[in-house]
Amino acid sequence: MPGWPESLTGGVLDVAPRLLGAVLRHSTADGPVAVRITEVEAYDGPNDPGSHAFRGRTARNAVMFGPPGRLYVYFTYGMHFCANVVVGPEGTPSAVLLRAGEVVEGRELAERRRRTTRDLARGPARLCQALGIDLRHNGLDLADGTLTLGSRPADVSTGPRVGLRLAHDRPWRFWLTGDPTVSKYRPAKRRDPTP
DNA sequence: TGGGCGATTGGCT
DNA sequence: GCCAATCGCCCAC
């Protein structure tokens, strides 16, 4: 695909909305599942207290510091995986979290993995489960048709990122306006409820 | 070396 | 709306 991954080397706030409408396709021995991305969040590396890379490079976030166009997968809450597309020039640890999408291929397989027919890719961990993505896919190269970019979407909404305690004021979540597969906004739970 | 916590989800009140 | 599940990460001891 022309312009790929050069189109991922710009600023993360510019690239993130461009990933809306892109299709991520992952094949395993069980078959392929493809998801059309409808909701993302931008994480601006060292400038962003909400980013895993804010405190510098560690074993977990090393992929974020590598070249763009690879998948950064992390494990959280003891049971879930979330996936990001690494963007920006190599050495700049910016990434775009894939928060939600619409299953456009392999629906039956996605339903089997999710053990339900609803909300197949609505939420970052559900999206990974539907696609069959886990830590083994950390660093996966998305070139050669794994991630297919479309044209810049026309109607994009923005708002605060979900579940963050830090930097929750930055409106760095992007979604396709009105799309039914977009996840529900949940603010981070406060630890100190005293006024 | 230990413990608090998390870019979440699903089930129950 | 509330909360448990569940464990790797990371930093303060």
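In case you missed it, the structure is sitting above this.
These figures come from a predicted structure and were not determined experimentally.

K.L.:
Please set out the side chain of threonine 146 residue by residue, giving values where relevant.
P.N.:
Assignment of secondary structure puts threonine 146 in the loop between helix 3 (124-131) and strand 6 (147-148). Each residue touching threonine 146, except ones within four places of it in the same chain, is listed here: Val23, Leu24, Arg25 and Asp141.

K.L.:
Report on the protein's contact with DNA strand C, specifying residues and quantitative values.
P.N.:
The full set of residues close to DNA strand C is Arg55, Thr58, Arg60, Phe75, Tyr77, Gly78 and Met79. Expressed as a percentage, the sugar and phosphate content of the atoms of DNA strand C within 4 Å of the protein is 67%. One of the side-chain N or O atoms of arginine 60 is found 3.4 Å from a sugar or linking oxygen in DNA strand C. Residue tyrosine 77 places a main-chain N or O atom 2.3 Å away from a base oxygen belonging to DNA strand C. A per-class count over the surface near DNA strand C returns 3 nonpolar, 2 polar and 2 charged.

K.L.:
If you had to explain the protein's contact with DNA strand B to someone new, which residues and values would you point to?
P.N.:
Neighbouring DNA strand B are 22 residues; Tyr74, Asn84, Arg126, Arg165 and Arg186 lie closest to it. Of everything in DNA strand B that lies within 4 Å of the protein, sugar and phosphate atoms constitute 52%. Between DNA strand B and histidine 52 there is a distance of 3.1 Å, counted from a phosphate oxygen to a side-chain nitrogen or oxygen. For DNA strand B, a base nitrogen lies 3.0 Å from a polar atom in the side chain of tyrosine 74. Residue composition of the surface near DNA strand B, by class: 9 nonpolar, 7 polar and 6 charged.

K.L.:
Hey, could you go over the packing of helix 2 (residues 107-114) against helix 3 for me, with residue numbers and the actual values?
P.N.:
Relative orientation and spacing of two packed helices are given, respectively, by the angle between their axes and the distance between those axes. Look at helix 2 against helix 3: their axes get within 7 Å of each other, and the N-to-C directions meet at 120 degrees. Here helix 2 lies oblique to helix 3, going by the angle between them. For the element pair helix 2 and helix 3, the recorded crossing hand is right-handed. On helix 3, the residues touching Ala110, Arg113 and Arg114 of helix 2 are Arg126, Gln129, Ala130 and Leu131. Along the lines of polarity and charge, the residues of the contact of helix 2 with helix 3 split into 3 nonpolar, 1 polar and 3 charged.

Conventions and cut-offs
- Within any chain, residue numbers begin from 1 and follow the written order of that chain's sequence.
- For naming, the first written chain is A and the first written ligand is 1, with later ones following in the order written.
- Local features in this predicted model are restricted to residues of pLDDT 70 or higher, and side-chain atom pairs are both shown and tallied only at a pLDDT of 80 or more, whereas totals for entire chains, interfaces and linings draw on every residue.
- Water and hydrogen atoms play no part in the side-chain values, which are based on all heavy atoms of the structure.
- Helix and strand definitions follow DSSP, with helices as H or I runs of at least four residues and strands as E runs of at least two, each counted in order from the N terminus.
- Contacts between residues were defined by any pair of non-hydrogen atoms, one from each residue, lying within 4.5 Å.
- Proximity is defined per residue: any heavy atom of the residue falling within 4 Å of a molecule or strand makes that residue near it.
- Under this definition, polar contacts are N or O atom pairs within 3.5 Å; protein pairs additionally need one hydrogen-donor-capable and one acceptor-capable atom, and for neighbouring residues in sequence, both atoms have to be side-chain atoms.
- Three classes are used: nonpolar for Ala, Val, Leu, Ile, Met, Phe, Trp, Tyr, Cys and Pro, charged for Asp, Glu, Lys and Arg, and polar for all others, with Gly counted as polar.
- The angle between two axes is taken between their N-to-C directions and runs from 0 to 180 degrees, where each axis is a line fitted to C-alpha atoms and a helix contributes only its stretch in contact.
- Any angle that falls under 35 degrees is termed roughly parallel, while one over 145 is termed roughly antiparallel, one within 65 to 115 roughly perpendicular, and all others oblique.
- By convention the crossing between two helices is left-handed if the near helix lies anticlockwise of the far one by an angle smaller than a right angle, and right-handed if it lies clockwise.

Spatial relationships are all this shows, so hold off on functional conclusions.
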